[in-house]
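Topology and contacts: notes
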Amino acid sequence: MKVLALNGSPKPHGNTGTALKTVFEELARENIETEMITLGGKNVRGCIGCMQCAEKQTGRCIAFDDIVNETMPKLLEADAILVGSPVYFAGINGTLKSFMDRAFFVAVVNGGAFRLKPAAGVVALRRSGGTAAFEQLNKYFQISEMLTVGSSYWNIVHGLEPGEVNGDAEGLNVMRVLGRNLAWTLKLIENGKDNVAKPAQGEAVRTNFVR
């Protein structure tokens, strides 16, 4: 089993990375493989709404061939996805949002590719706006029909300068509990996949407010 983490921070050794690594430590104790991809600092274009990924059904973003397409095979292969972000203006940072918009839309319109895969979000911040950013990440998971894994509190750590998160004893404990809960969820899925059938995927029904 393998968990893939996306680190949206431009600081690979910052507080977001420390939080993700704390989750990784618990996963390693359960012999679960991990990999982290640092997205912060990458040149990631935002979705332009061309809908070509839905039309072409290639499982790739048609508009831009960048780290989104490079990472899609790993996202599809991973047994669970962990996403971490610093908090900018009470939301996730722009690079990560551009990545998530494109990668998750490709997955949704190409057969619900992330459906029933466990996922969890983690955010790091100095003071306020953490729950808003955390909720923003969870919305990607929920619309993708993923199994969102929680912890003993919201998955938030506090610290400004790199390393300050180590003073947030409660936040780091939340990360450790998250790691254990994620490992347990993966083991349940692994042990039950041959005994419990997946629920059938529902047919899409779409309406809007102008017709």
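Remember, predicted model here, so these are calculated numbers, not experimental data.

Position of L178 among the secondary structure elements: in helix α6 (residues 169-192). Taking relative accessible area as the criterion, L178 reaches 0% and is therefore assigned buried. Separated by 26 residues in sequence, L178 and S152 have C-alpha atoms that sit 7.6 Å apart. For L178, the residues in contact, after removing those within four places along its chain, are V23, L82, A120, V122, V149, G150, S151 and N155.

Within the secondary structure layout, D101 lies in helix α4 (residues 94-109). Residue classification places D101 among the partly exposed residues on the basis of a relative accessible area of 25%. Separated by 30 residues in sequence, D101 and T131 place their C-alpha atoms 19 Å apart. Not counting chain neighbours up to four residues away, the residues in contact with D101 comprise C47 and Y140.

What follows concerns the pattern of salt bridges. Think of it this way: side chains of opposite charge can pair up when their charged atoms draw near. Following the criterion strictly, the structure yields 12 salt bridges and no others. Two residues, E26 and R29, come together in a salt bridge whose shortest N-O distance is 2.7 Å. Of the two residues, E26 and R29 both sit in helix α1 (residues 15-29), 3 residues apart, roughly one turn of that helix. Residue class for E26 comes out buried when judged on its relative accessible area of 8%. We classify R29 as exposed; its relative accessible area is 57%. Note that D66 and R102 form a salt bridge whose closest N and O atoms lie 2.8 Å from each other. With D66 in the loop between α2 (52-56) and α3 (67-77) and R102 in helix α4, the pair connects residues that are 36 residues apart, well separated along the chain. Among the residues examined, R102 registers a relative accessible area of 2% and is labelled buried. Shared partners join several salt bridges into a network, and the residues in it are K2, E33, E35 and K74.

Let's shift gears to the pairing of strand β2 (residues 33-38). In this sheet, β2 lies alongside strand β1 (residues 2-7) in parallel orientation, the contact comprising 6 bridges. Paired with V3 across the strands is T34, a residue of β2. In terms of handedness, the path from β1 via α1 over to β2 forms a crossover that is right-handed.

Cut-offs used in this document
- Residues numbered from 1 in each chain as written.
- Predicted model: local features only at pLDDT ≥ 70, side-chain atom pairs only at ≥ 80, totals over all residues.
- Heavy atoms only, no water.
- Helix = DSSP H or I, 4+ residues; strand = E, 2+ residues; numbered from the N terminus.
- Buried < 20%, exposed > 50% of the residue type's maximum accessible area, 1.4 Å probe, protein only.
- Contact = heavy atoms within 4.5 Å.
- Salt bridge = Lys/Arg side-chain N within 4 Å of Asp/Glu carboxyl O.
- Pairing = 2+ DSSP bridges.
- Right-handed = clockwise from strand over helix to strand, strands pointing away.

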